[in-house]
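What the coordinates show
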Amino acid sequence: KGKNITNTEFLIADAEQLPFNEKTIDRIICAEIIEHLHEPEKMIAESERVLRGGGKIAISTPNEHSIWGVYEFFWDVLGRGRNYGETHLRFFSVPELESCFTSYPERSHTTLFFISPVIALLGNRTILRWGVRFDEMLERVNGGVIIVFSAKKR
């Protein structure tokens, strides 16, 4: 509603029971959802069911192999209004996501770290360069706090 993007339709649906026929969807974006599901394998199966041959899925989720847990711990301790320990039901690593999509011949991933945008607010270019290097170092070893995973169906 209120979006003006041609050839696009927005819809709210249950990720474990999508209201589409088999092999009718070209692209699926699952942004920060999979970690909230009791049975993420149902969402993965539904995605595979509705994607056409050559269709793609993109998933973003917190990275189990990062410092995200420290962030959540402090968020909960400081009483910021959301208990991440209760809402984030499962954390994924890159290898776990890879293993969920073995039937997809093309898979890729990256991880993103977010210290440099925070440092940019300081307005100091030298410190920002250090922050960017820190982000890049963690991303090279899949240590970024967010996984961005994509797969293309056969």
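Predicted model, so just to flag it, every value in this text is computed and none were measured.

Reading the values: the criteria
Numbering of residues begins from 1 in every chain and follows the order in which that chain's sequence is written. Local features are withheld for residues below a pLDDT of 70 in this predicted model, meaning they are given only at 70 or higher, and side-chain atom pairs are given and counted only at 80 or more; totals for whole chains, interfaces and linings count all residues. Note that the side-chain values use all heavy atoms of the structure and ignore hydrogens as well as water. A pair of Phe, Tyr and Trp rings is counted when the ring centres sit within 6.5 Å of each other, with Trp represented by its six-membered ring. The angle between the planes then sorts it: under 30 degrees is stacked, over 60 is edge-to-face, the rest tilted. Type-normalised accessible area, obtained with a 1.4 Å probe on protein chains alone, sets the label of each residue: buried when under 20%, exposed when over 50%, and partly exposed for intermediate values. In this description a helix means any DSSP run of H or I spanning at least four residues, a strand means any run of E spanning at least two, and both kinds are numbered starting from the N terminus. To estimate the expected span of a helix, count its residues, drop one, and scale the result by 1.5 Å. Each C-beta atom gives one direction from the helix axis, and the arc is the one those directions make. By the criterion applied in these results, polar contacts are pairs of N or O atoms within 3.5 Å in which, for protein atoms, one can donate a hydrogen and the other can accept it, and in which residues neighboring in sequence qualify only through two side-chain atoms.

For the structure on display, the rule yields two aromatic pairs. Ring centres of Phe 101 and Tyr 104 lie 5.2 Å apart, and the angle between their planes is 70 degrees; on these two criteria the pair is classed as edge-to-face. This pair shows no difference in class: Phe 101 is buried, exactly as Tyr 104 is. On the numbers, 5.2 Å between centres and 40 degrees between planes, the contact of Phe 101 with Phe 149 is tilted. In this pair, Phe 101 sits in the loop between α4 (94–100) and β3 (106–112) while Phe 149 sits in strand β4 (residues 146–152), placing the two residues 48 residues apart along the sequence. For the residue pair Phe 101 and Phe 149, the accessibility class agrees, reading buried in each case. Among the aromatic residues, those joined into a cluster by ring pairs are Phe 101, Tyr 104 and Phe 149.

Turning our eyes to something else, we now look at helix α6 (residues 125–140). Residues separated by three or four positions in an α-helix point in the same direction, a consequence of the helix having 3.6 residues per turn. End to end, α6 covers 22 Å across 16 residues, agreeing with the expected 22 Å (1.5 Å per residue, within 8%). If you check which residues of α6 are buried, you get Gly 131, Asp 135 and Leu 138. Viewed end-on, α6 has its buried residues packed into an arc of 70 degrees, placing them on one side of the element. Residues of α6 that are exposed and point more than 90 degrees away from the buried face comprise Arg 125, Trp 130, Arg 133 and Arg 140. Capping of α6 at its N-terminal end is provided by Asn 124; its side-chain oxygen lies 3.0 Å from the backbone amide nitrogen of Thr 126. Two residues or fewer after α6 comes Asn 142, characterised by a positive phi angle close to 55 degrees.

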